Amino acid sequence: MVAINQQVQAAFVDTYWGVRALGMGGAYTAVANDSNAPLYNIAGISFAAQKEVTLMGSRLFAGVEGVEIGANYLGYVHPISLEYGAVSFAWSSTSTPGLRREDTFNIGYARELNDIVNLDKEIVEISAGLNLKYLMQEVKFDEEDKDLSTSKGAMTADIGLLAMFSNGIGVGYSSKYLVPADIGYLEKDEVNNVNVLGLSYYNEELPYLKIPYFTIAMDVIFRDNETSIRAGVESYVIDGKLAIRLGGREEAFDIGFGYEFAFANETKLIIDYALELPLQVEESYGSHFISLSFRF
Amino acid sequence: MIKKISIEILSLIVLFGVYVCTFAAPINIVKSAFAKFPKVIAKIVHDEIVAVSSIDRLLNAKISVDFTGYESATAKLVYYLNGDQSTKQEEPVNEGKKINNKQDFYISLPQFSDTDTSVSYQIKIALKDAAGNTFYAYWPSSDTAKFNTSQITSIASKVIGTDGGIVELESGNQEIGNSAITVQPGTFTSDIKVIIEEFDPNDELFLSAGKAKSVQERVRAYSIRTEPAIDTFKLPLSVQLSNATQLNIQKFELKYRKDNSTTWNKAEKIKIDNIDTVQKLLFATVTKTGQYMIFAASNLTDNDYRPENRVRVKSRISAYGGFKFNNLKDGDSVKIYTTSGKKIAELTAGDYEGFEWKGRKGTNNSGDWAESGTYIYQIKVNGKVISGTIAFVW
């Protein structure tokens, strides 16, 4: 019975948000430490060193005539203090004009747990977070389904755990859509619970290859009786200003760049770009993502 | 002694009679140039043409001749129009395939004029023996004065009772099939006259025919009615419509409207069950009396392949159908992807109308239900990829 329920659940597959994460193929659960964290691992917001706001726009499957899908994201993370943790607000949206859109509104909270579980921060920093989400889908129905209301919404929640070891290894776990969220119009349609286990490794200079500020990450995703893997790498060159990223998953290959402009008072403006090349959809010369982030 | 001889003679006469009846029927031979009695029998096989379509006004027929005992057979067609024997003409007949002593012939008369109402025809076979003698055989009868008369008409009717039956409207063209309506047993509770009539699609009755989206040509027009009048049949009728297909036409549409309707723009589209491109027949199932028009859709645009409905609700698919990708045939394909670019379903087969995605994963709707979401489709047809988006929700 459980197996049947798992096979018949619904949408909100969060693939298309956070340009830095996308450049790494979406393998971000054990990396998340910025305003993209609410999407991948809410625990990561407590690792953000500064307040940060990010705005992302995109053009999916460019070159495929007849397909017009946009993905947008607005995220804000606000570290309060070690004692009180950090909060976040985010909105993500995927829309096809005149057809259907999905919107997710997030309010998150995360805090380091070292003082509670009495763990030495020199060995590992560990945090946990909770994300409350409101999901909404809106459909422009054809004439024969005009009797249905156009939008359906439901509340749900994510939890996340993130451990960053001093040797550079990171372990993350995120369980999304934990609370059943029914977004069905005519019958029960609960969004799938998604469990993600992430691993990462960071080194300021990778031994032998001498790659600076190097991160390699992998996410294993369990959803609807299916397991999928995302993997990616990142390196910062030019004194840590320019980020170069590569990543991929079964259906796409990603390449990304980011550049950081530093200003007075440690404020920073970061421009990120990612190009995703679909491996299954034909006639596309890629999905383009660009974001502007401001740290202050 | 005399009695015994008489019995032997009588037996021979009876045997000869049996022989003639067995091998001569349904045919005949008749006249010999030099002999008083026929030496051998030739067999002529030809399905009588009862009616010729007054729309196409063409008589095309096939004849097979078994000329065993002769060296060769040639054929001619003698015909006259409108019962006037003074217009009698003789037309050569085209030879078809020949296997051993069997020779096929094809009759193809010039198109009849609008004023012609009937054609009477006779098949004349010349048989040559080894000695060079010529003998003649005739169809429909050894009586050389006999002709088969076919009405040039576009209407056929039949009284059908509770046991059902078939009304057939002959085309007069044996290279293609005939139009017909099959009434199932139990459709009628009493005797009903069922009428099928073909019209010129450019007839005044059909002049109001508007052009549906991308439809460029009206091909055939029919009226189906009954006496006494019935609007809707208790059971669907199987209909085959003749000469529906033409060369270089990729797609047909069958539309229905009531007799008193003035436009085809909002006509009801009838599902075409099948097309026989050899017999040039269109098969459909209809439930109403009224007018039926076959439209030809040529020069298909990308939108002619895309589904008309872009949103489908899972529990209503059984009532409204799924996403219908039109005008596709074997060899074409439709792939369905999630918005993350992952293929979840593929269609490689359908019916005459095209392919239908019913919201299920796997090949040809063989898997579990897909999740609610926006999906990308990619149609591969004629070496081209046509893409778009659809939404499937629960």
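Residues numbered from 1 in each chain as written. Chains lettered and ligands numbered in written order. Predicted model: local features only at pLDDT ≥ 70, side-chain atom pairs only at ≥ 80, totals over all residues. Heavy atoms only, no water.

Chemist: Just checking my understanding: could you explain the overall build of chain B for this structure?
Modeler: In terms of helices and strands, chain B carries 2 helices and 30 strands. Residues counted as buried form 49% of the 394 residues belonging to chain B. Contacts spanning at least 24 positions in sequence make up 63% of the contacts within chain B whose residues lie at least 6 apart. For chain B, the accessible surface area stands at approximately 19,200 Å², while carbon and sulfur atoms represent 51% of it. (Helix = DSSP H or I, 4+ residues; strand = E, 2+ residues; numbered from the N terminus. Buried < 20%, exposed > 50% of the residue type's maximum accessible area, 1.4 Å probe, protein only. Contact = heavy atoms within 4.5 Å. Areas by Shrake-Rupley, 256 points an atom, 1.4 Å probe, with all protein chains shown as cover.)

Chemist: I tried to follow the environment of Pro-110 of chain B on my own but got confused; where do I start?
Modeler: Residue and element names in this part refer to chain B. Looking at the secondary structure, you find Pro-110 in the loop between strand 8 (102-108) and strand 9 (118-128). A C-alpha to C-alpha distance of 7.0 Å links Pro-110 and Leu-58, two positions 52 residues apart in sequence. Each residue touching Pro-110, except ones within four places of it in the same chain, is listed here: Tyr-79 and Glu-91.

Chemist: Any chance you could explain the confidence of the model for chain A here in plain terms?
Modeler: Detailed reading of the predicted coordinates is not advisable wherever pLDDT is low. On average, residues of chain A score 91 in pLDDT, and 96% of them are at 70 or above. Note on residues 1-10 of chain A: pLDDT is under 50 here. Beyond four places in sequence and across chains, it has 26 contacts. (pLDDT = per-residue confidence, 0-100.)

Chemist: Explain the environment of Asp-273 of chain B to me, please; I cannot follow it from the model alone.
Modeler: Residue and element names in this part refer to chain B. As for its placement among the helices and strands, Asp-273 is situated in strand 20 (residues 272-276). Residue classification places Asp-273 among the partly exposed positions, given a relative accessible area of 36%. Measuring from C-alpha to C-alpha, the distance between Asp-273 and Ala-284 comes to 5.0 Å, with 11 residues separating the pair along the chain. For Asp-273, the side chain forms a polar contact with the side chain of Thr-285, separated by 2.8 Å. (Polar contact = N/O pair within 3.5 Å; in protein donor to acceptor, adjacent residues only side chain to side chain.)

Chemist: I'm lost on the sheet that holds strand 8 of chain B in this one. Help?
Modeler: Strand pairing within a sheet occurs via backbone hydrogen bonds; the two strands may be parallel or antiparallel. Residues and elements named next belong to chain B. Here we have 4 strands laid out as an open sheet, ordered 2-4-8-7, and antiparallel in their pairing. Here the strands that pair on one side only, and so sit at the sheet edges, are strand 2 (43-45) and strand 7 (94-99). Strand-to-strand, the axes of this sheet are offset by a mean angle of 20°, without reference to chain direction. Alignment of strand 4 (residues 60-66) against strand 8, held across 7 bridges, turns out to be antiparallel. Note that in strand 8 the partner of Ala-61 across the bridge is Ile-107. (Pairing = 2+ DSSP bridges. Axes fitted to C-alpha atoms, helices over the stretch in contact; angles between N-to-C directions.)

Chemist: So what exactly am I meant to see when it comes to unusual backbone geometry here?
Modeler: Residues other than glycine predominantly adopt negative phi, and peptide bonds predominantly adopt the trans conformation. Residue Pro-140 of chain B follows Trp-139 of chain B across a cis peptide bond; omega there is 20°. Among the secondary structure elements, Pro-140 of chain B is positioned in the loop between strand 10 (134-139) and strand 11 (148-153). Residue Pro-228 of chain B follows Glu-227 of chain B across a cis peptide bond; omega there is -5°. Structurally, Pro-228 of chain B is set in the loop between strand 16 (217-227) and strand 17 (232-242). You will see that Glu-283 of chain A, though not glycine, has its phi angle at about 65°, which is positive.

Chemist: Teacher, can you tell me more about the side chain of Ser-88 of chain A here?
Modeler: Mapped onto the fold, Ser-88 of chain A is located in strand 3 (residues 85-96). The exposure class assigned to Ser-88 of chain A is buried, which follows from its relative accessible area of 0%.

Chemist: Could you clarify how one ought to interpret the nonpolar core in this entry?
Modeler: The tendency in soluble globular proteins is for nonpolar side chains to be buried as a group. Residues and elements named next belong to chain A. In this structure, Tyr-16, Tyr-28, Ile-45, Met-56, Leu-60, Phe-61 and Phe-289 are the most contacted members of the largest nonpolar core, which totals 34 residues. Within the residue set of this core, elements represented by two or more residues are helix 2 (19-23), helix 3 (37-40), strand 2 (70-81) and strand 3. Filtering out sequence-adjacent residues up to four positions away, Phe-289 remains in contact with Tyr-16, Val-19, Leu-22, Met-56, Gly-57, Ser-58, Leu-60, Asp-272, Tyr-273, Ala-274 and Glu-276. (Core = buried A, V, L, I, M, F, W, Y, C linked by side-chain atoms within 4.5 Å.)

Chemist: What should I look at first to understand the packing of aromatic side chains in this one?
Modeler: The relative placement of two aromatic rings is captured by the distance of their centres and the angle of their planes. The full count for this structure, using the stated rule, is 15 aromatic pairs over all chains. Ring centres of Tyr-76 of chain A and Phe-89 of chain A lie 6.4 Å apart, and the angle between their planes is 10°; on these two criteria the pair is classed as stacked. One end of the pair, Tyr-76 of chain A, is in strand 2; the other, Phe-89 of chain A, is in strand 3, with 13 residues separating them in the sequence. Using a relative accessible area of 42% as the deciding quantity, one classes Phe-89 of chain A as partly exposed. Ring centres of Phe-188 of chain B and Phe-233 of chain B lie 6.2 Å apart, and the angle between their planes is 55°; this geometry places the pair in the tilted category. Note that Phe-188 of chain B is positioned in the loop between strand 14 (179-183) and strand 15 (192-199) and Phe-233 of chain B in strand 17, a separation of 45 residues in sequence. Assessed through its relative accessible area of 4%, Phe-188 of chain B is described here as buried. Here a set of aromatic residues connected by ring pairs shows up, and it is made of Phe-323, Trp-357, Trp-369, Tyr-375 and Phe-392 of chain B. Lying over the aromatic face of Tyr-136 of chain B, Lys-124 of chain B brings its terminal NZ or CZ to 5.3 Å of the ring centre. Taking the ring centre of Trp-369 of chain B as reference, the NZ or CZ of Arg-360 of chain B above it sits at 4.0 Å. (Phe/Tyr/Trp six-rings, centres within 6.5 Å; stacked < 30°, edge-to-face > 60°. Lys NZ or Arg CZ within 6 Å of the ring centre and 35° of its normal.)

Chemist: Hey, could you run me through the interface of chain B and chain A in this one?
Modeler: Accessible area lost upon the coming together of the parts serves often as the stated size of an interface. Between chain B and chain A, the contact holds 34 residues from the first and 44 residues from the second. Each partner contributes to the roughly 3,300 Å² buried at the junction of chain B and chain A, and carbon and sulfur atoms together form 49% of this total. Considering only the surface of chain B that becomes buried against chain A, Ser-340, Glu-371 and Trp-394 of chain B emerge as the three largest contributors, covering 20% of it. On the surface where chain B and chain A come into contact, there are 9 salt bridges. In this structure, Lys-342 of chain B and Glu-226 of chain A form a salt bridge, with 3.6 Å as the shortest nitrogen-oxygen distance. In this assembly, chain B and chain A are joined by 18 residue pairs in polar contact (both at pLDDT 80 or more). Elements with a minimum of two residues in the side of chain B that touches chain A: strand 23 (311-313), strand 25 (333-338), strand 29 (373-381) and strand 30 (384-393) of chain B. Considering every element that reaches the side of chain B that touches chain A, the biggest residue donor is strand 30 of chain B, with 7 residues. (Buried area = accessible area lost by both parts, 1.4 Å probe. Salt bridge = Lys/Arg side-chain N within 4 Å of Asp/Glu carboxyl O.)

Chemist: I tried to follow the side chain of Lys-133 of chain A on my own but got confused; where do I start?
Modeler: Residues and elements named next belong to chain A. Structurally, Lys-133 can be placed in strand 5 (residues 124-139). At a separation of 2.8 Å, a polar atom in the side chain of Lys-133 contacts the side chain of Asp-158. Discounting residues that sit within four places of it in the chain, Lys-133 has contacts with Thr-104, Phe-105, Asn-106, Ala-154, Met-155, Thr-156, Ala-157, Asp-158 and Tyr-177.

Chemist: Mind showing me how you'd approach the pattern of salt bridges here?
Modeler: A side chain with one charge may pair with a side chain of the opposite charge, provided their charged atoms come close. Tallying each qualifying case throughout the model produces 34 salt bridges over all chains. Here Arg-225 of chain B ties to Glu-197 of chain B by a salt bridge, and the two come within 2.6 Å at their closest N and O atoms. With Arg-225 of chain B in strand 16 and Glu-197 of chain B in strand 15, this residue pair connects regions lying 28 residues apart in the sequence. Several salt bridges converge on common partners, so that one network encompasses Arg-20, Asp-34, Glu-234, Arg-245 and Asp-272 of chain A.

Chemist: What's the story with the pairing of strand 10 of chain B in this structure? I'm lost.
Modeler: Two faces make up the sheet, and in a regular strand the side chains alternate between them. Residue and element names in this part refer to chain B. Among the 6 residues of strand 10, 5 are classified as buried, and the element is accordingly described as predominantly covered. Of the strand pairs in this sheet, strand 9 and strand 10 are connected by 6 bridges, and their pairing is antiparallel. Residue pairing in the sheet places Ala-126 in a bridge with Tyr-136 of strand 10. As consecutive antiparallel partners, strand 9 and strand 10 are separated by 5 residues, and within that stretch Gly-132 has a phi angle of approximately 90°, a positive value.

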